[in-house]
Number of protein chains: 2
Amino acid sequence: MAIPRAAKTLRRTRIQEEKEEQILEAALDVFSARGFRGSTIDQIAEVAGMSKPNLLYYFRTKEAMHRALIDRVLYTWLEPLRAFDAEGNPEEEIRSYIRRKLEMARDFPRESRLFANEVLQGAPHIEDELKGPLKELVDEKAEVIRAWAKSGKIAKCDPYHLIFSIWSTTQHYADFDVQVRAVLGQEHAGDGRFEDAARFLEQLFIGGLRPDTSGT
Amino acid sequence: MAIPRAAKTLRRTRIQEEKEEQILEAALDVFSARGFRGSTIDQIAEVAGMSKPNLLYYFRTKEAMHRALIDRVLYTWLEPLRAFDAEGNPEEEIRSYIRRKLEMARDFPRESRLFANEVLQGAPHIEDELKGPLKELVDEKAEVIRAWAKSGKIAKCDPYHLIFSIWSTTQHYADFDVQVRAVLGQEHAGDGRFEDAARFLEQLFIGGLRPDTSGT
DNA sequence: CGGATATTTGACCGATTGGTAAACATTACA
DNA sequence: TGTAATGTTTACCAATCGGTCAAATATCCG
């Protein structure tokens, strides 16, 4: 048959739907844990519970799997930033953005690590997405933040570096999870660490962005 | 022959000194860019400008290279945190810690990425270092920060998450460099981005940690 | 110099890599 | 039910992987 291979048919079968799901789930497991180059098709096949050629029947190459995964995850990943509302209350918008990003780090650590691995190794497969859609979205939201700062609702600050800081601090709990656990030790490495992190980060960002009451 | 292989001799020759240096330099290049599993001995050999067997004459395995590299870099990497002085002025200590970490991200991005790759993929080679020396150092400095908070010199906050935040925000500029550049665009992706980042992060952390003047 | 020691290399090894070919099994549907 | 389309597997491929070995070469030092 081979819709995936030749797209002879237009509709996708139930089996296709299921198997592709299975494969991408397994691929997420493997790619996020070992990076693209460090992963092998055999590993993905084993996790997915199917043979290698079977897997290659649905995705012709290792790259195709990776690409499908990236495409699927990228949109979801930017959802919290997209929800950033220019009309909302600045303090509350920032607070909820932090909370959402932290929830994603907690609930979807593999997705976070997938991107981290990719970007860390030079983003060879997603350079276009970074320079295109991502940059545009960030530019737009940076403008919102700049406007807030200008009108005195928050402190004057560089909106890009603010966004970078929220990204890095929140994703840290997914990407550097083993380090966080190791440092916190068994006593504090339970799920409570996300609540502690949320409390600290809100304090940090809300405090750090409080508009200057004195005239600097 | 073969000090590295059998340690028959006690002194290391000049050639050994030089070649090992050359190899580790090349290994840093490759490992930091592709992760341990994604790297090959051949790649390192090519960057080092020598043959693969020659390289394996100095380091018997790929793992040995990686371990030597980690060991060498780890100490240096924790230097800024070690310099954190309990007797100093809190605000100034935090400010200079941020600045130092940011300088390291700028001047030694490969070292940062080496660790990031390692930790991201579950820290299979440095788990002991994380749970031992790293945790101890962080515990010690966290106590310092806690004391500052208790005496009202800075705001009450979770010292561990404060340290995580400084780590993540500063290392972000090394580890996610391509993303930062992509988002900032060509206009703002020059070296000035580190100064902008420093300015923003100091504002964020100093502001966010300013002791409560009102009684919460 | 000359011999001992240290360094370097080309040829090679078995295992694993990403991927293919074709036979075989299953499913959907007229 | 029959058959064409779809799905799965076994056997295999060339390339690359980490690593070895013996022979060749360079260096050191008396």
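Just so it is clear, the structure is predicted and the values come from calculations on it, not from any experiment. (Residues numbered from 1 in each chain as written. Chains lettered and ligands numbered in written order. Predicted model: local features only at pLDDT ≥ 70, side-chain atom pairs only at ≥ 80, totals over all residues. Heavy atoms only, no water.)

## With respect to the overall build of chain A
Item 1. A tally of helices and strands in chain A yields 11 helices and zero strands.
Item 2. From first element to last, N terminus to C terminus, chain A shows the α and β order α-α-α-α-α-α-α-α-α-α-α.
Item 3. Structurally, chain A occupies a C-alpha span of about 70 × 45 × 30 Å along its principal axes.
Item 4. The buried share of chain A, reckoned over its 216 residues, is 53%. (Helix = DSSP H or I, 4+ residues; strand = E, 2+ residues; numbered from the N terminus. Buried < 20%, exposed > 50% of the residue type's maximum accessible area, 1.4 Å probe, protein only.)

## A closer look at the pattern of salt bridges
Item 1. In total, this model carries 40 salt bridges over all chains according to the counting rule given.
Item 2. The salt bridge involving B:Asp42 is made with B:Lys52; its shortest N-O contact spans 3.6 Å. Taken together, the residues span a long stretch of sequence, with B:Asp42 in helix 3 (residues 41–48) and B:Lys52 in helix 4 (residues 52–58) at a distance of 10 residues.
Item 3. For B:Lys52, a relative accessible area of 35% corresponds to the partly exposed category.
Item 4. Each of A:Glu91, A:Glu92, A:Arg95, A:Arg99 and A:Glu202 takes part in a single network of salt bridges with overlapping partners. (Salt bridge = Lys/Arg side-chain N within 4 Å of Asp/Glu carboxyl O.)

## Description of helix 9 (residues 159–175) of chain A
Item 1. Taking 1.5 Å as the rise per residue, helix 9 of chain A with 17 residues should run 24 Å; its terminal C-alpha atoms sit 23 Å apart, in good agreement.
Item 2. Counting buried positions over the 17 residues of helix 9 of chain A gives 17, a clear majority of the element. (Expected span 1.5 Å × (residues − 1).)

## Topic: the packing of helix 7 (residues 109–120) of chain A against helix 7 (residues 109–120) of chain B
Item 1. Contact geometry of helix 7 of chain A with helix 7 of chain B gives a least axis separation of 11 Å together with a crossing angle of 155°. Between helix 7 of chain A and helix 7 of chain B, the crossing angle belongs to the class labelled roughly antiparallel. Crossing of helix 7 of chain A over helix 7 of chain B shows left-handed handedness. Of the residues in helix 7 of chain B, those touching helix 7 of chain A at A:Arg113, A:Ala116, A:Asn117 and A:Leu120 are B:Arg113, B:Ala116, B:Asn117 and B:Leu120.
Item 2. A class-by-class count of the residues in the contact of helix 7 of chain A with helix 7 of chain B yields four nonpolar, two polar and two charged. (Axes fitted to C-alpha atoms, helices over the stretch in contact; angles between N-to-C directions. Parallel < 35°, antiparallel > 145°, perpendicular 65-115°, else oblique. Left-handed = near helix turned anticlockwise from the far one by under 90°. Contact = heavy atoms within 4.5 Å. Nonpolar A, V, L, I, M, F, W, Y, C, P; charged D, E, K, R; others polar.)

## Some details on the side chain of A:Lys141
Residues and elements named next belong to chain A.
Item 1. Mapped onto the elements, lysine 141 comes out in helix 8 (residues 127–150).
Item 2. One polar contact links the side chain of lysine 141 to the main-chain carbonyl oxygen of phenylalanine 84, over a distance of 2.7 Å.
Item 3. Contacts of lysine 141, omitting those with residues within four sequence positions, involve Leu81, Arg82, Phe84 and Ile163. (Polar contact = N/O pair within 3.5 Å; in protein donor to acceptor, adjacent residues only side chain to side chain.)

## Comments concerning the nonpolar core
Item 1. Grouped together as the largest cluster of nonpolar side chains are 137 residues, with contacts concentrated most on A:Leu55, A:Ile94, A:Trp167, A:Phe205, B:Trp167 and B:Phe205.
Item 2. Setting aside residues up to four positions removed in sequence, A:Ile94 forms contacts with A:Phe84, A:Trp148, A:Ile166, A:Phe205, A:Ile206 and A:Leu209. (Core = buried A, V, L, I, M, F, W, Y, C linked by side-chain atoms within 4.5 Å.)

## Structural notes on the relation of the copies chain A and chain B
Item 1. Laying chain A over chain B is done by rotating through 180° and shifting 0.0 Å along the axis; what remains is an RMSD of 0.0 Å. Expressed as an axis order, the relation between the two copies is that of a two-fold axis. (Least-squares fit on C-alpha atoms with pLDDT ≥ 70 in both.)

## Let's talk about the domain arrangement of chain A
All names here are of chain A.
Item 1. Examined at the domain level, chain A breaks down into domain 1 (14–60) and domain 2 (71–209).
Item 2. Distance between the C-alpha centres of domain 1 and domain 2: 29 Å.
Item 3. Facing the 10 residues of domain 1 at the interface are eight residues of domain 2.
Item 4. Taken together, the two surfaces of domain 1 and domain 2 that pack against each other cover about 880 Å², and 50% of this comes from carbon and sulfur.
Item 5. When the area that domain 1 buries against domain 2 is broken down by residue, the three leading residues are Leu28, Ser32 and Arg37, summing to 52%.
Item 6. If you look at where domain 1 meets domain 2, you find three salt bridges.
Item 7. Among the ionic pairs, glutamate 25 bridges to arginine 110, the shortest N-O distance being 2.9 Å.
Item 8. Linking domain 1 with domain 2 are four residue pairs in polar contact (both at pLDDT 80 or more). (Domains from an automatic or database assignment. Buried area = accessible area lost by both parts, 1.4 Å probe.)

## Focus: the packing of aromatic side chains
Item 1. Inspection of the entire model under this criterion finds 16 aromatic pairs over all chains.
Item 2. Taken together, a centroid distance of 5.8 Å and an interplanar angle of 50° make the contact between A:Phe164 and A:Trp167 tilted. Note that A:Phe164 and A:Trp167 are positioned in helix 9 at a spacing of three residues, about one turn of the helix. The same class applies to A:Phe164 as to A:Trp167, namely buried.
Item 3. Pairing A:Tyr173 with B:Phe164 gives two aromatic rings, centres 6.1 Å apart and planes at 85°, and the pair type is edge-to-face. Pair noted here: A:Tyr173 is in helix 9 and B:Phe164 is in helix 9 (residues 159–175), and the two residues belong to different chains. The exposure classification of A:Tyr173 matches that of B:Phe164, with both residues buried.
Item 4. In this structure an aromatic cluster arises from ring pairing among A:Phe164, A:Trp167, B:Tyr173 and B:Phe194. (Phe/Tyr/Trp six-rings, centres within 6.5 Å; stacked < 30°, edge-to-face > 60°.)

## Focus on the UniProt feature "domain: HTH tetR-type" (unreviewed entry) in chain A
Item 1. Per the UniProt annotation, the sites labelled "domain: HTH tetR-type" (unreviewed entry) are residues 17–77 of chain A.
Item 2. In residues 17–77 of chain A, helix accounts for 87% and strand for 0%; the two terminal C-alpha atoms are 22 Å from one another. (UniProt positions renumbered as here; feature names shortened; annotations may be inferred.)

## Here's the deal with the interface of chain A and chain B
Item 1. Chain A puts 53 residues into the contact, and the matching count from chain B is 54 residues.
Item 2. Between chain A and chain B, roughly 4,600 Å² of surface is buried when both sides are summed, and carbon and sulfur atoms account for 67% of that area.
Item 3. The tally of links between chain A and chain B comes to zero salt bridges.
Item 4. Counting residues per element, the ones that place at least two in the side of chain A that touches chain B are helix 2 (14–38), helix 7, helix 8, helix 9, helix 10 (177–188) and helix 11 (192–208) of chain A.
Item 5. Looking at which element gives the most residues to the side of chain A that touches chain B, the answer is helix 9 of chain A, with 11 residues.
Item 6. Residue composition of the side of chain A that touches chain B, by class: 27 nonpolar, 15 polar and 11 charged.

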